[in-house]
Amino acid sequence: MTSRATPRPVGTVTRGTTNPNRLRRMDRWIAATHGAELRRAADPVAVDLGYGAAPWTAVELLTRLRTAAPRTRVVGVEIEPARVTAAKPYERDGLAFRHGGFEIPLPQRPHLVRAANVLRQYDESEVAAVWQRLCARLAPATAHSRGGLLVEGTCDEIGRRHVWVALGPEGPRTVTFATRLGSLDRPSDLAERLPKALIHRNVPGEPVHAFLRDFDRAWSAAAPYASYGARQRWIRAVRDLTADWPVTDGAGRWRQGEVTVTWEALAPRG
C-alpha cells in the first residue's frame, strides 16, 4: 500500500514582515463593504493569505470581521511551515492556521481571501494567473449573493498608506486608495503603494497615471479647504474627481481617507 504525497503549496515564501495594526484600513473597509455578504453566508470563512512571520494580522482580522458578521471564522494560511507552527498557540474559537499557498487548502470555498503585501515580490506578468487561481477558490455568486471577495494590495510598514484591488469570482471590480490624511503631502504619494498589477503602470499614457495626476490637481484646487482640516480637503478633492472618474463610494468612506474607483477605469492598457 502506498501513501499519497501531500501536494506542495503553490507560491513562494515572502519576507514575512508584519506589524500589529498594519492592515487596519483594509480590514475596516472589508467589514463595511463585505459585511452583509458574510452575514448572509451559512458558514462565513475568511482567509488571511500569507500573514507572515507573526499572526497579528489574522488575529485582528477575526476581531474586526466579527463586529460586522459575528459568525465569521478566519483561517491564516502560510507557505512557510515554521510560521504556521509559531502561530498555532494563537488558535482559538473561530481562528485557525494552516500550511498552504495560492491553492487555499480548505475543504470549503472561502467568502473572503485577503492577500496583503503577498504579490509585491512577484513579476507583474504573474499577477493575472494568481488572481485567476484565487478567484476560482472563492464562494460562487448566487441569486442572492455576489459571491466571495479577494482583496489584494500593498501598504507601508505601519499601515498609513494602502492601495488594494477587490475581486469577485468574475474578476477585478474596484481599486481603493486609503491613507492617514495627516501623513499625506499629495495623493500621488500613494503611487509607491500601488499593487503589483498597477505599480509599473504609473507612467504617462496609462490610466492610473492619469488618475493620480487628476487627483493631485483636485487636491491643489481644494487647498482653501485645508483650513478646515485635511479630511475636508480630501472630501472636496474626491468630489471634484467624480466629474471625470467613476468613483463608487460616497462621503462616508471619503471621511475615512479612502476613495474607490472601478477597476475598468484604471486597468492597464493592453
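Residues numbered from 1 in each chain as written. Predicted model: local features only at pLDDT ≥ 70, side-chain atom pairs only at ≥ 80, totals over all residues. Heavy atoms only, no water.

A. Seen up close, the overall build of the chain. Scanning the chain for helices and strands turns up 9 helices and 8 strands. Relative to the 2.2 N^0.38 estimate, which gives 18 Å for 270 residues, the radius of gyration of the chain is 19 Å and therefore close to what a compact globule would have. Along the first, second and third principal axes, the C-alpha set of the chain runs to 75 × 40 × 40 Å. When burial is assessed residue by residue, the chain has 55% of its 270 residues classed as buried. Total accessible area on the chain is roughly 12,400 Å²; 50% of this is exposed by carbon and sulfur atoms. Taking the average place of the 40 positive charges on the side chains of the chain and the average place of its 28 negative ones, the gap between the two points comes to 4 Å. (Helix = DSSP H or I, 4+ residues; strand = E, 2+ residues; numbered from the N terminus. Rg over C-alpha atoms; globule rule 2.2 N^0.38 Å. Buried < 20%, exposed > 50% of the residue type's maximum accessible area, 1.4 Å probe, protein only. Areas by Shrake-Rupley, 256 points an atom, 1.4 Å probe, with all protein chains shown as cover. Lys, Arg positive; Asp, Glu negative; His and termini not counted. Charge placed at Lys NZ, Arg CZ, Asp CG, Glu CD.)

B. Main features of the side chain of glutamate 60. Among the structural elements, glutamate 60 can be located in helix H2 (residues 56-68). Judged by its relative accessible area of 16%, glutamate 60 falls in the buried class. A distance of 2.7 Å separates a polar atom in the side chain of glutamate 60 from the backbone nitrogen of asparagine 21. (Polar contact = N/O pair within 3.5 Å; in protein donor to acceptor, adjacent residues only side chain to side chain.)

C. Summary view of the environment of arginine 146. Tracing the backbone through its elements, the reader meets arginine 146 in the loop between helix H4 (124-137) and strand S5 (149-155). Taking the C-alpha atoms as reference, arginine 146 lies 15 Å from alanine 46; in sequence the two are 100 residues apart. Apart from residues lying up to four places away in sequence, arginine 146 is in contact with Glu37, Ala141, Pro169, Glu170 and Arg173. (Contact = heavy atoms within 4.5 Å.)

D. Molecular detail of the pattern of salt bridges. Using the criterion set out here, one finds 21 salt bridges in the structure. Measuring nitrogen to oxygen at the nearest pair gives 3.7 Å for the salt bridge that ties arginine 98 to glutamate 91. The partly exposed category is assigned to arginine 98, whose relative accessible area is 36%. When salt bridges with common partners are traced through the structure, they connect Asp27, Asp48, Glu60, Arg64 and Arg114 into a single cluster. (Salt bridge = Lys/Arg side-chain N within 4 Å of Asp/Glu carboxyl O.)

E. Region of the structure containing the packing of helix H1 (residues 24-40) against H2. Two elements in contact, H1 and H2, have axes separated by 8 Å at closest approach and are oriented at 45°. Judged by the angle between their axes, H1 and H2 are oblique. Crossing handedness for the pair H1 and H2: right-handed. Residue-level contacts link Arg24, Asp27, Ile30, Ala31, Gly35, Leu38 and Arg39 of H1 to Glu60, Leu61, Arg64, Leu65 and Ala68 of H2. The residue makeup of the contact of H1 with H2, split by class, is 6 nonpolar, 1 polar and 5 charged. (Axes fitted to C-alpha atoms, helices over the stretch in contact; angles between N-to-C directions. Parallel < 35°, antiparallel > 145°, perpendicular 65-115°, else oblique. Left-handed = near helix turned anticlockwise from the far one by under 90°. Nonpolar A, V, L, I, M, F, W, Y, C, P; charged D, E, K, R; others polar.)

F. Fine view of the nonpolar core. Counting 54 residues, the largest nonpolar core has Leu49, Trp131, Phe177, Phe211 and Trp234 as its most contacted members. In terms of residue count, helix H6 (residues 207-221) provides more of this core than any other element does, 7 residues in total. Those residues in contact with tryptophan 131, other than ones at most four positions away along the chain, are Leu119, Leu150, Glu152, Val165, Leu167, Pro172, Ala197 and Trp263. In terms of nonpolar packing, the next biggest core, distinct from the first, is built from 26 residues, Leu38, Leu62, Val84 and Leu112 among them. (Core = buried A, V, L, I, M, F, W, Y, C linked by side-chain atoms within 4.5 Å.)

G. Spatial organisation of the sheet that holds strand S6 (residues 161-168). Overall, mixed pairing links the 8 strands, which are arranged S3-S2-S1-S4-S5-S6-S7-S8 in an open sheet. The open sheet has two edge strands, strand S3 (95-99) and strand S8 (258-262), and neither has a second partner. The average angle at which neighbouring strand axes cross in this sheet is 20°, direction not considered. The pairing of strand S1 (residues 45-49) with strand S2 (residues 73-78) spans 5 bridges and is classified as parallel. Among the inter-strand pairings, valine 47 is bridged to a residue of S2, identified as valine 75. (Pairing = 2+ DSSP bridges.)

H. Geometry of the pairing of S5. Burial analysis of S5 places 7 of its 7 residues in the buried class, the great majority of the element. Taken together, strand S4 (residues 112-116), H4 and S5 form a β-α-β motif whose crossover is right-handed. By the bridge criterion, 6 bridges tie S5 to S6 in an arrangement that is antiparallel. Among the inter-strand pairings, threonine 154 is bridged to a residue of S6, identified as valine 163. (Right-handed = clockwise from strand over helix to strand, strands pointing away.)

Everything listed here is a matter of geometry and, on its own, says nothing about what the molecule does.
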